[in-house]
Amino acid sequence: MAAEHVQLLHNVIVPISRLTGGTDGKSIGSGTTIYLDPEVLRISSRGGAGRTVDGGRDSVGGEQGAEGIACFSELIAVNGIFLDHKIESIADNVIVFDIDLVHLRTALAATLQSLGGGGSGGDSSKSAPLHNSDRDGGGGRNANNQRRSAPFSNSILVVMKLAKRGGLPCLCLDTSTANGTLDVHHAVPVRILRAEEWQHYLPPVVNTPDVQLEFQLERPLRPVIERLKAISPVIYLDGSMKGELTLRIDNDSVSVKTIYDKLIPRVDEEEESQSQSDPSKCTLKVDSKKLLASLQWQSSMARGSVSNYIICMIQNEMMVVHVVLDPEDVGFFTYYIPVHFLSEDMME
């Protein structure tokens, strides 16, 4: 990996790691499983499944209110998150392991510090574009091999590998330069699983969303949710395929509405004509803490790391936040947030 790949992986892992945590204060649970094959890297996390360490203080259960949230990420390995990538195993070249994302986050942050970059989880908007991106005026993926011959011959590279350290399996990050002026090593303990166990860590199967709305980064939800959370433990979301989303709270002491309009409805071609004549609607009741936990990436990720995000609403089933990375073909991560049941009379 080059520095920009380490930065992107760190940016993705920071918000996901805040979901995980332990059920007791004595042992560190992972709550996260990683899948590797020759083409992709996948991350599957469950909220509140381990113990995290943030700001020097232990917190049980991860991000407050994250229990019940699932997060699934997929990053392209070949000409994507890695400059070079090789996977070999007796299970059709598939490797699956449990890992504590907080430990991996710490190792990535320390690696970035050794590279002279960020890694604190704050604004890293000055990070360079990926070398498989065409934002630097190159030819995108087709120009990758031409770029690698010169730019990386004398630069700092980070090698991620599975190896044993002290007899224990570890995910290792080895940082070095061609001239030998820098040599840093990190090892994060992992628990190797059988490849077939990955089926237990797949994302939830959900019905086709009633409402799908695309947001641009210039219109974040997190600041509004943060203010509403201070007033009410639950938030109602009213979505319409007309391109509107209303966030509201209504209790004995206060009633507040925030309306987002001119959003982009995401529809299949066969459904487009129907949506224009009779746009579908959906109302969800969501815990404000869970909703905020699924939007933490809006404060920790670099602006250049995300292309857009889509809010999917499935009546009385699930709310899904799908975040597309930049460049879009590098990958994505998706939050699955449970919702409260609403009867017909409660939605009126």
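About the thresholds
Residues numbered from 1 in each chain as written. Predicted model: local features only at pLDDT ≥ 70, side-chain atom pairs only at ≥ 80, totals over all residues. Heavy atoms only, no water. Helix = DSSP H or I, 4+ residues; strand = E, 2+ residues; numbered from the N terminus. Buried < 20%, exposed > 50% of the residue type's maximum accessible area, 1.4 Å probe, protein only. Polar contact = N/O pair within 3.5 Å; in protein donor to acceptor, adjacent residues only side chain to side chain. Contact = heavy atoms within 4.5 Å. Arc of directions from axis to C-beta. Pairing = 2+ DSSP bridges. Phe/Tyr/Trp six-rings, centres within 6.5 Å; stacked < 30°, edge-to-face > 60°. Axes fitted to C-alpha atoms, helices over the stretch in contact; angles between N-to-C directions.

1. Considerations on the side chain of Asn308
Structurally, Asn308 is set in strand β16 (residues 306-314). Taking relative accessible area as the criterion, Asn308 reaches 7% and is therefore assigned buried. Separated by 3.3 Å, the side chains of Asn308 and Ser307 make a polar contact. When residues no more than four places from it in sequence are discounted, the contact partners of Asn308 are Glu214, Phe215, Leu217, His322, Val323, Val324 and Glu328.

2. Some words on helix α5 (residues 222-229)
Those residues of α5 lying buried are Arg222, Val224, Ile225 and Leu228. Down the axis of α5, the buried set is contained in an arc of 160°. They therefore lie on one face. Here the buried face of α5 lies against β11 (234-240), β12 (244-250), β13 (255-260), α7 (288-293) and α8 (297-300).

3. Details of the sheet that holds strand β1 (residues 32-36)
Spatially, the 12 strands line up as an open sheet ordered β7-β8-β9-β6-β1-β2-β5-β18-β17-β16-β10-β14, and their pairing is antiparallel. Edge positions in the sheet fall to β7 (157-165) and β14 (264-265), since each of these pairs with one other strand and no more.

4. Some details on the packing of aromatic side chains
Applying the stated criterion to the full structure yields 8 aromatic pairs. Seen in terms of ring centroids, Phe72 and Trp198 are 6.1 Å apart; in terms of plane orientation they differ by 45°. Their pairing is tilted. Of the two residues, Phe72 sits in strand β5 (residues 70-76) while Trp198 sits in the loop between β9 (183-193) and β10 (211-215), which places them 126 residues apart along the sequence. Each member of the pair, Phe72 as well as Trp198, is classed as buried. Through successive ring pairs, a cluster of aromatic residues spans Phe215, Tyr260, Trp297, Tyr309, Phe333 and Tyr335.

5. Some details on the sheet that holds β11
Ordered by their spatial adjacency, 4 strands build an open sheet running β13-β12-β11-β15, and the pairing between neighbours is antiparallel. Edge positions in the open sheet fall to β13 and β15 (281-287), since each of these has one partner strand only. Neighbour to neighbour, the strand axes of the sheet diverge by 20° on average, direction disregarded. Taken strand by strand, α5 contacts β11, β12 and β13, and its axis lies near 15° from that of β12.

Treat this as a map of the structure, not an account of what it does.
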